[in-house]
Amino acid sequence: MLGLMSGTSVDGIDAVLIELPGWPALNPARPGSSSPPPALSSAAPRIRVLEHRAVPFADGLRAALLAASRNDACTSDLTQLNFELGAALADAAADLSRDADLIASHGQTVHHLPHLDASRGWRTRSTLQIGEAAQIVERTGKPVISDFRPADLAAGGQAAPLVPFADRVMYAEDGVRRSIHNLGGISNLTYLPGLDEAGVLAFDTGPANALIDDVAAQTGQRYDEGGRLADSGRIDETLVERWLQDPYLSALPPKSTGRERWNLSRMDGAQALSVPDLAATVTAFSARSTAQAYRRFVLPRGLDEVVVAGGGAYNPALMRHLRDLLPVPVLTFEERGWNSAAREAAAFAVLGYYAYQGWRNTLPHTTGARRPVIAGKLSRPWLGDT
């Protein structure tokens, strides 16, 4: 399986080729005809990452994607961007797709509105991921599962987080209470209480790199490399405490959020700070809002360790804050012997595999949906007249 992922940091495409040894094979003639999935156990075969490639976005494409996420794109812009990103995804998939039976493409979320908010014009719960799957099918000749989020939203869920289903398949371990934490543009966690599916907790805690990247952009950088910008400034404690009162942070899970909420234009008082002080302040806020979520919703359940993936795992300033704030070991994926950058793309490869097989691939108690669904839509290449 080949997973393609572009996350809320909008820095590029991760292409991850995985193998599922011992799992039921795909039936290309009859998708959805497979027998039930194997039960998860400590002895069950797990997922093997074979190869990972990171393909940075060209500056123009990244700028256009960020503009769309900020509501600064018109209909014709969005239409073209959908196909431009589809072509970029197809390029990222091209080489690895030769060894893939199936491709799963998350695409890029440009807007995610899981709640109604008349004051902001949000009249309908909705979500939009772009990156035309037909472009990938045409380039690779392989079937593609895409558009993973709408099915859960239609079933009453928030269409996020979806990755926890795959996290359990890949990282749950009997007797270990582990949190798999992603520090992408948005900070989100999957709490795995051993192998117990019913006990899985997952939600977005708030911002991770979204605000930090916005500050770094003011200096011409895509991100705060090495946390040096944050380390050069002073934290405005008054602002951090003010921002921690945001009602999203105290809302009960299931919940999800995105850049439409966490951007500098919405952070009261941010414009008054120097760039270094703002970097220090938003970095502290991202860490404290994350730690606050653990104290309120996770630690009372019992926790042995936190394992961190995503770009924020490479930010020493952000990781230092988290390690100081949490009472359990906070490790990076690499310290665990795993591949941090491959985690989300591998997860969508798993979700795509389940969808193709006709197996449910969501945890409704983590998204708020009324029932499980099969998330993802299948696009197939032309195989000739039959």
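The following refers to the structure shown.

Turning to the sheet that holds strand S12 (residues 330-332), a few remarks are in order. Overall, mixed pairing links the five strands, which are arranged S10-S9-S8-S11-S12 in an open sheet. Taken across any chain shown, the strands that pair with only one partner, and hence form the sheet edges, are strand S10 (201-207) and S12. With strand direction ignored, the average angle separating the axes of adjacent strands in the sheet is 25 degrees. Helix H10 (residues 275-298) contacts strand S8 (177-183), strand S9 (186-193), S10 and strand S11 (305-309) of the sheet and is inclined by roughly 150 degrees relative to S10. Lying over the sheet, helix H11 (residues 316-325) contacts S8, S11 and S12, oriented at roughly 150 degrees with respect to S12.

Turning our eyes to something else, we now look at the sheet that holds strand S4 (residues 103-105). Ordered by their spatial adjacency, six strands build an open sheet running S3-S2-S1-S4-S7-S13, and the pairing between neighbours is mixed. With partners counted over all chains shown, the strands left at the sheet margins are strand S3 (48-56) and strand S13 (377-379), one partner each. Neighbour-to-neighbour, the strand axes of this sheet turn through a mean angle of 20 degrees, independent of strand direction. Of the pairings in the sheet, the one linking strand S2 (residues 12-19) to S3 comprises eight bridges and is antiparallel in character. Note on S3: the bridge partner recorded for Gly 12 is Pro 56. Sheet strands in contact with helix H3 (residues 133-140) are strand S1 (2-5), S4, strand S7 (144-146) and S13, and its direction is about 165 degrees off that of S7. Against the sheet, helix H12 (residues 343-357) engages S1, S2, S4, S7 and S13, with an angle of about 125 degrees to S1.

Counting buried positions along helix H6 (residues 210-217) gives seven out of eight residues, so the element sits mostly inside the fold. Ala 210, Leu 211, Ile 212, Asp 213, Asp 214, Val 215 and Ala 216 are the residues of H6 that are buried. Those residues of H6 that are buried lie in contact with S10, helix H7 (228-231), H10 and H11.

Here we come to the environment of Val 350. Structurally, Val 350 is set in helix H12. Taking the C-alpha atoms as reference points, Val 350 and Ser 265, 85 residues apart in sequence, are found 36 Å from one another. If we skip the residues at most four places from it in the chain, Val 350 touches Ile 18, Ile 47, Ala 166, Val 169 and Met 170.

Conventions adopted
The residue numbers shown here count from 1 along each chain, following its written sequence. The predicted nature of this model means local features are confined to residues of pLDDT at least 70 and side-chain atom pairs, given and counted, to a pLDDT of 80 or more, with totals for whole chains, interfaces and linings taken over all residues. Side-chain metrics rest on all non-hydrogen atoms present in the structure, leaving aside hydrogens and water. Any two strands with at least two DSSP-identified bridges between them are counted as paired. The helix and strand labels rest on DSSP assignments: H or I over at least four residues marks a helix, E over at least two residues marks a strand, and numbering proceeds from the N terminus. Under this scheme, a helix contributes an axis fitted over its contacting stretch, all axes are lines through C-alpha atoms, and angles between N-to-C directions fall in the 0 to 180 degree range. Contacts are assigned to residue pairs that have any heavy atoms within 4.5 Å of one another. The classification of residues rests on relative accessible area computed with a 1.4 Å probe and restricted to protein chains. Under 20% of the type maximum is buried, over 50% is exposed, and intermediate values are partly exposed.

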